[in-house]
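Structural overview for review
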Amino acid sequence: MKLKFQLKEIYKYGYLILAFIATFWLISFFEVFQLTSKNVGISIGSSLFFKLLNDFWTGLFISVFLFPLYFLVAYFHKKAAVILIQILFVIIIIGQFALVNYSLTTLINLGADLLGYSYSDITTTVSSSVEFSIGYFVPYLIFGGIFFGFIVAFKKFFPEKSLIAIYTITIVLFGAGKLVFSQTSETEYQNKLNYLVFDILKFQQEKRELNAMDLDSRTDFPFLSPTSKSENVLGPLLNLKEEKPTIVFIIVEGLGAEFVGDNTYGGFTPFLDSLIDESLYWENFVSTTGRTFGVLPSILGSLPFAEQGFLEQQKLPSHLSLISVLKANGYTTSFYSGDKSSFDRKINFLEFNGIDEVIDEDKFGENFTKTEANEGGFSWGYPDEEIFRKTISVLDSKADPRLDIIMTISNHEPFNFPNKNSYISKVDSIISTKNINADLSAEIKSYSEIFASLLYTDASIKGFITEYKKRPDFENTIFIITGDHRLIPIVQKDKLCRFHVPFYIYSPLVKQPKKFKSISSHFDVTPSVLSLLMNSYNFIKLENVPWISKGLDTAQQFRNIHKIPLMRYKGSINDYIYENYLYSDGNLFKINENFGTVKVVEHDLLNTISDSLKAFKKLNAYSTLKNKIYPEENNIYINPGIDFTQEELKIIEVSTKGLTFDKIFLLARESAFNKDFKKAQLLCNYILNEYPNHADARTLKGRTLAWEGKYKESELELLNVIKRVPYYYDCYLALMDVYWWSDQDEKSIEIAQKAFKNKIVNGDLSFKLAKAYQRLDYKKESNILMDSLLKIYPENVEYKEFKQTLK
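Residues numbered from 1 in each chain as written. Predicted model: local features only at pLDDT ≥ 70, side-chain atom pairs only at ≥ 80, totals over all residues. Heavy atoms only, no water.

A closer look at the overall build of the protein chain
Where we set the bar: Secondary structure elements follow DSSP: runs of H or I of four or more residues count as helices, runs of E of two or more count as strands, with numbering from the N terminus. Our radius of gyration is a C-alpha quantity, and the globule rule it is checked against amounts to 2.2 Å times the number of residues to the power 0.38. Note on classification: 1.4 Å probe, protein chains only; a residue is buried when its accessible area is under 20% of the maximum for its type, exposed when over 50%, partly exposed between these limits. Whether two residues are in contact is decided by their heavy atoms: any pair within 4.5 Å suffices. Only the protein chains shown count as cover for residues, and all accessible areas are computed by the Shrake-Rupley method using a 1.4 Å probe. By the counting rule applied here, Lys and Arg register as positive and Asp and Glu as negative, while His and the ends of each chain are not counted. Charged groups are reduced to one reference atom each: NZ for lysine, CZ for arginine, CG for aspartic acid, CD for glutamic acid.
Across its full length, the protein chain carries 27 helices and 16 strands. For the protein chain, whose C-alpha radius of gyration is 30 Å, the value lies close to the compact-globule estimate of 28 Å for 807 residues. Based on the C-alpha atoms only, the size of the protein chain along its principal axes is roughly 100 × 70 × 65 Å. Looking at the protein chain residue by residue over its 807 residues, the buried ones come to 56%. Within the protein chain, counting contacts between residues at least 6 apart in sequence, those at least 24 apart form 75% of the total. For the protein chain, the exposed area adds up to about 35900 Å²; of that, 56% sits on carbon and sulfur atoms. Mean positive and mean negative side-chain charge positions of the protein chain (88 and 93 charges, respectively) differ by 4 Å.

Dropping the structure here:
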């Protein structure tokens, strides 16, 4: 009887496994169908076979893993055991389908990079790519329903005793397939859930190994080297003037080298193509990360990656950057973007390096138009044309020389931008006039909105350069143009393609346009730019610099003199360029002169490169974890965040455990209302260390300082809010309160007028201004304001009572 019970439950579980694996297979059929409909160049037969094979083993592994749970519950309640496993299998199926959808959008598998993003960053990225509606969730419900349909069908068509034969045959066949076909281990064929889990486990294992290293036995600064080692390679290529040149960085979202010049997808950036013949142009140039998170620290600081990207460190180690060094030498430094600078913690890096001004989504004003939101209500902020227009509009207010850093955003999911249909029509026109084969034509058409986005961004850059040429400082400006990484949604030809970006130095100062085939990277930009300036002008002397690389290679023939580690996504340093080879996930590829790759088998060289990468990983961990990039005592260039005492850290840890930053703010506000101002300020500082532009937290901190009678400190804090978020009305109200309490009515009038100039019209603001006028005995102005207010709010008792005092 006991044996029958056990067999019966095993048979039930066997049907669940079959249905589970079959649903995985159906999802893979769906994935391959979607890929072929997008004209992604795949072999349907081999792709399906390898995917089904991996799905089988993943499904079987999960089933074996969950079997003890099933058997244990079945011992007490058979029906409950079946229901429990069915629920778990449906959840896993939904997870697998979600990961497939992610892969279909990005053409990469989701892995340990998931751990590198905050909840806020994840929701922002997902909102940009997905338009949520009832229809969006229907396929998830369908695949869940199909799972139950398979259970019914298999029970009907396969007798219990046949299950043993089915499993025996499939295990033998698929086991043999796994052994015979080594391609099954390649990333694109992996079961998405299996890839996610094992990539996270791999990341955690590497993290444990690095944590186990003895980092306390050394005290050196491994990247520090004499300034003289950074050769001035750009000097002979430029006709510099007596005055220091302005440097303008244009970092273009998703601009891969394949999309410019005569490369595969060329023809959709006509202006950038025209600049190639007027610039110093590096054909074989690479970004150091596969997403935007790494571009600022790499291109502006030649900095290591840390564990999950340099910007993801809660406390940034002491370092130098082009921003901090140029500011110390008389440059006005500014950053421009259309999105929120808090995304990817860009603002933390910029402020650490003392940037003079950050213009982001919160600082555009009513004369600029945001990108239209998608159906889910998401917008990245202001499109590229508006970013450049905003930049031009403020340049006259800034002293020369300048360092301007501009980051575009439009060439990113959801690819929304002004006049989109017009640019899509231009894509069709270009396809019809280009001599390209039918397959490439079909592929471009299937991604028409992406190529339209490239045309739009290119036109925006053209508009900016055209306007800039009208300025007198154009003749002494150096433009540095590059991509942050190659855009993701279009299929990548190989492992190197994701990092391959164009790199231009465009300027009237260029002696003669040149093209360079030698390999360089974003790590090389700051060393070369700073070497150029330090060797040509009177700069504060730097004895040593902490760059990862030594500078741009200006050899015109194909070669590589650098060792370039690459972080594909947050947490993964598994790609490495060494001599003319690319090491990627344990495989070795030869890089040819056209920057294509061919897989090679050279075991000794593979071991040499693998050891070199491991050595870099150790230096990366040591230098960032132990603050050994640049000596803190010598660093006069930085503006570090708030340092907390051990006692404060303990209060923060106890108070904030399990809370999001939004809830921490509510706790800070509650503490302030309870007159625990010290705790409120501590919690506000904790929030501001993470989110420097958190207007609510900074305003609350300013208010609590005023409530303590520290009016000057409060004023400075609230003016800081206005500088960061000039269209946020509450900081104006708070500042007017400070001026009222401290008898500074003239300042109250000034700040109210500034608010009105920024189109901030508010009853409370006008009332506070009327009171300030009254106290200064400007009764006429006060009466005019109160008459206007009472027309809008005729029943407001406080307004009516104050109006009576003016008679």
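Things to note about the packing of helix 12 (residues 384-394) against helix 15 (residues 448-468)
To be explicit about the condition: To define axes, lines are fitted to C-alpha atoms, for helices over the stretch in contact only, and angles between the resulting N-to-C directions are given on a 0 to 180 degree scale. Small angles under 35 degrees read as roughly parallel and large ones over 145 as roughly antiparallel, with 65 to 115 read as roughly perpendicular and the rest as oblique. Each crossing gets its handedness from the near helix: less than a right angle anticlockwise from the far helix is left-handed, clockwise is right-handed. Ten residue types, Ala, Val, Leu, Ile, Met, Phe, Trp, Tyr, Cys and Pro, are classed as nonpolar, four, Asp, Glu, Lys and Arg, as charged, and the remainder, Gly among them, as polar.
The contact between helix 12 and helix 15 brings their axes to 8 Å, and the two run at 15 degrees. By the angle between their axes, helix 12 is roughly parallel relative to helix 15. Relative to helix 15, helix 12 is oriented so that their crossing is right-handed. On helix 15, the residues touching Asp384, Glu385, Glu386, Phe388, Thr391 and Ile392 of helix 12 are Tyr456, Thr457, Ser460, Ile461, Phe464, Glu467 and Tyr468. Broken down by class, the residue content of the contact of helix 12 with helix 15 amounts to 6 nonpolar, 3 polar and 4 charged.

So, the environment of Ile444
For Ile444, the location among the structural elements is in helix 14 (residues 438-446). The class of Ile444 is buried, set by a relative accessible area of 1%. Separated by 293 residues in sequence, Ile444 and Asp737 have C-alpha atoms that sit 58 Å apart.

So, a nonpolar patch on the surface
So the rule is basically this: Each patch is built from salt-bridge-free residues with over 30% relative accessible area, joining like charges within 9 Å and nonpolar side chains (Val, Leu, Ile, Met, Phe, Trp, Tyr) within 5 Å. Should a side-chain nitrogen of Lys or Arg be within 4 Å of a carboxyl oxygen of Asp or Glu, the pair is scored as a salt bridge.
On the surface, Phe49, Leu179, Val180 and Phe181 cluster together into a nonpolar patch covering about 410 Å² of accessible area. When you line up the elements, Phe181 lands in the loop between helix 6 (162-180) and helix 7 (192-211).

Description of the pairing of strand 13 (residues 575-578)
Remember that side chains alternate between the two faces of the sheet whenever the strand is regular. The condition is simple: DSSP bridges decide pairing: two strands pair if at least two such bridges lie between them.
Both faces of strand 13 are covered, namely the face carrying Asp575 and Ile577 and the face carrying Tyr576 and Tyr578. Of the strand pairs in this sheet, strand 12 (residues 563-566) and strand 13 are connected by 4 bridges, and their pairing is antiparallel. Following the sheet pairing, Lys563 is matched in strand 13 by Tyr578. Examined bridge by bridge, strand 13 and strand 14 (residues 581-584) share 4 bridges and lie antiparallel to one another. Paired with Ile577 across the bridge in strand 14 is Leu582. The hairpin turn running from strand 13 into strand 14, its antiparallel successor, is 2 residues long, and Glu579 in that turn takes a positive phi close to 55 degrees.

Quick word on the pattern of salt bridges
Overall, the coordinates contain 42 salt bridges when judged by the stated rule. For Glu31, the salt bridge goes to Lys51, with nearest N and O atoms at 3.1 Å. One end of the pair, Glu31, is in helix 1 (residues 2-37); the other, Lys51, is in helix 2 (residues 44-76), with 20 residues separating them in the sequence. Lys51 sits in the buried class, given a relative accessible area of 4%. Between Arg471 and Asp396 there is a salt bridge whose closest N-O contact spans 2.7 Å. Placement of Arg471 in the loop between helix 15 and strand 7 (477-483) and of Asp396 in the loop between helix 12 and strand 6 (402-407) is noted, with a sequence separation of 75 residues between them.

Regarding the pairing of strand 15 (residues 587-591)
Here 4 bridges tie strand 14 to strand 15, and the two strands are oriented antiparallel to one another. Bridging from a neighbouring strand, Tyr583 pairs with Leu588 of strand 15. Once strand 15 ends, the chain turns through 5 residues before running back antiparallel as strand 16 (residues 597-600), passing Phe595 with a positive phi of about 65 degrees.

Concerning the sheet that holds strand 15
Consider a sheet: its strands pair through backbone hydrogen bonds, and that pairing is either parallel or antiparallel. Taking strand neighbours across the sheet as the criterion, the 5 strands line up as 12-13-14-15-16 in an open arrangement whose pairing is antiparallel. Pairing within the sheet leaves two strands with one partner each, and these edge strands are strand 12 and strand 16. Strand-to-strand, the axes of this sheet are offset by a mean angle of 25 degrees, without reference to chain direction. Pairing of strand 15 with strand 16, which is carried by 4 bridges, proceeds in the antiparallel orientation. In the sheet register, Phe589 faces strand 16, and the bridge partner there is Lys599.

Some details on the nonpolar core
Going by this rule: Only buried residues count toward a nonpolar core, which is a set of Ala, Val, Leu, Ile, Met, Phe, Trp, Tyr and Cys residues joined through side-chain atoms within 4.5 Å.
Judged by nonpolar contacts, the single largest core of 96 residues is most densely connected at Phe89, Phe147, Ile250, Phe268, Phe451, Phe464 and Phe479. Apart from the residues within four sequence positions on either side, Phe479 is in contact with Val248, Ile250, Phe464, Ile465, Tyr468, Phe474, Tyr504, Ile505 and Tyr506. Val233, Leu234, Trp282 and Tyr331 belong to the second-largest nonpolar core, a separate cluster that totals 58 residues.

Topic: unusual backbone geometry
Residues Asp400 and Pro401 are joined by a peptide bond in cis, for which omega reads -5 degrees. Within the secondary structure, Pro401 is located in the loop between helix 12 and strand 6. A cis amide bond links Glu413 to the next residue, Pro414, at an omega of 10 degrees. One non-glycine residue, Asp743, lies in positive phi territory at about 55 degrees. Mapped onto the fold, Asp743 is located in the loop between helix 23 (729-741) and helix 24 (745-757).

Details of the state of the cysteines
To be explicit about the condition: Cysteine sulfur pairs qualify as disulfides if the two atoms are within 2.5 Å.
In this structure the tally under the stated criterion is 0 disulfides. With no disulfide of its own, Cys731 lies 14 Å from the sulfur of Cys684, the closest cysteine sulfur.

Some words on helix 7
The test is simple: How far a helix is expected to stretch is found by multiplying one less than its residue total by 1.5 Å. Under the rule applied, a polar contact is a pair of N or O atoms within 3.5 Å (in protein, one hydrogen donor and one hydrogen acceptor; residues adjacent in sequence only if both atoms are side-chain atoms).
Between its terminal C-alpha atoms helix 7 stretches 28 Å, which fits the 28 Å expected from 20 residues at 1.5 Å a residue. Taken together, the buried positions of helix 7 are occupied by Lys192, Leu193, Asn194, Tyr195, Leu196, Asp199 and Phe203. Regarding helix 7, its N-cap is Asn191, as a side-chain oxygen of that residue lies 3.0 Å from the backbone nitrogen of Leu193 further along.

Regarding the packing of helix 19 (residues 661-673) against helix 20 (residues 677-690)
Between helix 19 and helix 20, whose axes approach to 7 Å, the crossing angle comes to 155 degrees. If you check the angle between helix 19 and helix 20, you find them roughly antiparallel. Here the hand of the crossing between helix 19 and helix 20 comes out left-handed. On the side of helix 19, the interface is formed by Phe661, Ile664, Phe665, Leu667, Ala668, Ser671 and Ala672, while helix 20 contributes Phe677, Lys679, Ala680, Leu683, Cys684, Tyr686, Ile687 and Glu690. When grouped by side-chain class, the residues that make up the contact of helix 19 with helix 20 number 12 nonpolar, 1 polar and 2 charged.

Some points on the packing of aromatic side chains
Worth spelling out the cut-off: Side-chain rings of Phe, Tyr and Trp (the six-membered ring for Trp) are treated as a pair once their centres are within 6.5 Å; stacked means planes under 30 degrees apart, edge-to-face means over 60, and tilted covers the remaining angles.
Following the criterion strictly, the structure yields 49 aromatic pairs and no others. A ring pair is formed by Phe305 and Phe523, whose centres lie 5.7 Å apart and whose planes are at 55 degrees; its orientation type is tilted. With Phe305 in the loop between helix 9 (295-301) and helix 10 (322-328) and Phe523 in the loop between strand 10 (520-521) and helix 16 (525-536), this pair connects stretches of sequence that are 218 residues apart. The buried category is assigned to Phe305, whose relative accessible area is 3%. Assessed through its relative accessible area of 1%, Phe523 is described here as buried. Where Tyr468 meets Phe479, the ring centres are 5.0 Å apart and the plane angle is 80 degrees; that geometry is what we call edge-to-face.

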